[in-house]
Amino acid sequence: MEDCIFCRICGKEVPTDVVYEDEHIFCFHDVSPQAPVHVLVIPKKHIVSLDDVLPEDQAVLGHLLGKIGALAKELGLENGYRLVSNCGEDAMQSVRHLHFHLLGKRKLAWPPG
Ligand code: DGP
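Residues numbered from 1 in each chain as written. Predicted model: local features only at pLDDT ≥ 70, side-chain atom pairs only at ≥ 80, totals over all residues. Heavy atoms only, no water.

Peer 1: Please explain the packing of aromatic side chains as it appears in this structure.
Peer 2: Counted by the stated rule, this structure contains two aromatic pairs. Relative to Phe28, the ring of Phe6 lies with its centre 5.3 Å away and its plane at 80 degrees, an arrangement referred to as edge-to-face. In this pair, Phe6 is assigned in helix 1 (residues 5–10) and Phe28 in strand 2 (residues 25–29), connecting sequence segments 22 residues apart. Residue Phe6 is classed as buried on the basis of its relative accessible area of 7%. Judged by relative accessible area, which is 3%, Phe28 ranks as buried. A connected cluster of aromatic rings, assembled from ring pairs, spans Phe6, Phe26 and Phe28. (Phe/Tyr/Trp six-rings, centres within 6.5 Å; stacked < 30°, edge-to-face > 60°. Helix = DSSP H or I, 4+ residues; strand = E, 2+ residues; numbered from the N terminus. Buried < 20%, exposed > 50% of the residue type's maximum accessible area, 1.4 Å probe, protein only.)

Written as structure tokens, this is what we have:
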């Protein structure tokens, strides 16, 4: 999608610090890190949010979730981490391209704000 910053990032129109990439997913460092490790994991397909997942997207999202443990290990998150997807207004989703925040390397409070 032309005016989507995350589509532009995974389409390499906007340079970014890539952590992992394959045919279906892209992982890069968040521009505004909320923890010593804060990366975003996204499907390359433009899906607005978890509310917009279609049955045909499920394999890609299963693939994405299946990669999280390996990514966490690669990023040194042996002591634990949090995976978050903000969906919609109440969760303050600011980028309308489905993304998962992978956060770690500090104690993460619960409940979140
Ligand atoms: P959310 O509030 O859940 O929609 O989070 C969006 C995140 O995306 C936020 O933590 C900042 C990050 N972000 C927004 N624009 C860019 C960008 O151009 N580059 C990178 N690396 N991260 C971005």
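Peer 1: Is there a simple way to think about the sheet that holds strand 5 (residues 100–104) in this case?
Peer 2: The strands that make up a sheet are held in pairs by hydrogen bonds between backbone atoms, and each pair lies either parallel or antiparallel. Strand order in the open sheet formed by five strands is 1-2-3-5-4, with antiparallel pairing between adjacent strands. The outermost strands of the open sheet, each flanked by one partner alone, are strand 1 (18–21) and strand 4 (81–84). Along the sheet, successive strands turn relative to each other by an average axial angle of 20 degrees, direction set aside. As paired strands, strand 4 and strand 5 are joined by four bridges and run antiparallel to one another. Note on strand 5: the bridge partner recorded for Tyr81 is Gly104. Against the sheet, helix 2 (residues 58–74) engages strand 1, strand 2, strand 3 (37–43), strand 4 and strand 5, with an angle of about 160 degrees to strand 3. (Pairing = 2+ DSSP bridges. Axes fitted to C-alpha atoms, helices over the stretch in contact; angles between N-to-C directions. Contact = heavy atoms within 4.5 Å.)

Peer 1: Mind showing me how you'd approach unusual backbone geometry here?
Peer 2: Glycine aside, residues mostly have negative phi, and peptide bonds are mostly found in the trans state. Along the chain, Trp110 connects to Pro111 via a cis peptide bond; the corresponding omega equals 0 degrees. Notably, Lys12 is not glycine yet its phi reads approximately 65 degrees, a positive angle. Considering the arrangement of structural elements, one finds Lys12 in the loop between helix 1 and strand 1. The exposure class of Lys12 is exposed, given its relative accessible area of 52%. Within the chain, Lys105 stands out as a residue other than glycine whose phi angle is a positive 75 degrees.

Peer 1: Would you take a moment to explain the site of the ligand for this structure?
Peer 2: Not every one of the 15 residues close to the ligand is listed here, only the nearest: His29, Asp30, Asn86, Ser94 and His101. Side-chain polar atom of Asp30 to an oxygen atom of the ligand: 2.5 Å apart, as the coordinates give it. Between the ligand and Met92 there is a distance of 3.2 Å, counted from an oxygen atom to a backbone nitrogen or oxygen. Considering the ligand on its own, with 510 Å² of exposed area, one finds that the protein chains cover 80% of that surface. (Near = heavy atom within 4 Å. Polar contact = N/O pair within 3.5 Å; in protein donor to acceptor, adjacent residues only side chain to side chain. Areas by Shrake-Rupley, 256 points an atom, 1.4 Å probe, with all protein chains shown as cover.)

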